[in-house]
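Below are the chains, spelled out letter by letter.
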Amino acid sequence: DIFVSLYEASIITQGDDKSYRSTIRVSNFYLLNLPSRDADAISLYYIHSSFPASSDSVFFGPDTYLFVSFLQTIARHLPQAPSSIVDVCCGSGAGAIHMARTYPQAKTLGLDLNPRALSLGDINAQLAGVKVGFSESNLYATVPEEMKHFGVDLLASNPPYIASSTDGEDLPIY
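From a predicted model like this one, the values you see are computed outputs, not experimental measurements.

(A) Seen up close, the packing of helix α2 (residues 62–71) against helix α3 (residues 94–102). The N-to-C vectors of α2 and α3 enclose an angle of 30 degrees; their axes lie 10 Å apart at closest approach. By the criterion of interaxial angle, the relationship of α2 to α3 is roughly parallel. Note on packing geometry: the crossing formed by α2 with α3 is right-handed. Mapping the contact onto sequence places T64, F67, V68 and L71 in α2 and A94, G95, H98 and M99 in α3.

(B) Highlighting helix α4 (residues 115–128). The end-to-end C-alpha distance of α4, which contains 14 residues, comes to 20 Å, matching closely the 20 Å that a straight helix rising 1.5 Å per residue would cover. Looking only at α4, the buried set comprises A117, L118, L120, G121, N124, A125 and A128. Buried residues of α4, seen end-on, are gathered within an arc of 160 degrees and therefore sit on one face of the element. Those residues of α4 that are buried lie in contact with β4 (45–49), α3, β6 (107–112) and β7 (133–136). The residue sitting at the N-terminus of α4 and contributing the capping side-chain oxygen is N114; that oxygen lies 2.9 Å from the backbone nitrogen of R116. A positive phi of about 75 degrees marks G129, the residue just after α4.

Conventions and cut-offs
- Residues numbered from 1 in each chain as written.
- Predicted model: local features only at pLDDT ≥ 70, side-chain atom pairs only at ≥ 80, totals over all residues.
- Heavy atoms only, no water.
- Axes fitted to C-alpha atoms, helices over the stretch in contact; angles between N-to-C directions.
- Helix = DSSP H or I, 4+ residues; strand = E, 2+ residues; numbered from the N terminus.
- Parallel < 35°, antiparallel > 145°, perpendicular 65-115°, else oblique.
- Left-handed = near helix turned anticlockwise from the far one by under 90°.
- Contact = heavy atoms within 4.5 Å.
- Expected span 1.5 Å × (residues − 1).
- Buried < 20%, exposed > 50% of the residue type's maximum accessible area, 1.4 Å probe, protein only.
- Arc of directions from axis to C-beta.
- Polar contact = N/O pair within 3.5 Å; in protein donor to acceptor, adjacent residues only side chain to side chain.

What follows is the structure in structure tokens.
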């Protein structure tokens, strides 16, 4: 039964009061009112963290929609399609997934410090039917040597804007 599967995967948890809650939320990747250069863009449901926030939360919110909307304008600024794309601070993959859908021939890599974000990114890329490599990385530290050697054609980033304290009193720094 699907409930048991979700519970065993810790997607549904039970609180001390015996109530159940989801540890994920699902959002629509492409809203109908976002301008799209691709008339064939289909709706994609995208998995991310639920509330309340924790140290490994990964959110998909208004800034993510704006970021993807911005990425939809990239083609007019490029002299040719990129063969390599790196999304730094990729979170759960919105930018990397969009770019992989737009440029399926490109090698696309998403980098982030948060392992949970990368796990969700991998799931979201599979749901989107695109190939994106995800790697735990402090900025560009784990860019493969091959990509370094040949260069990266397109860098994208929508870094987090929630500040963390160095003393660990609020959300930790990864």
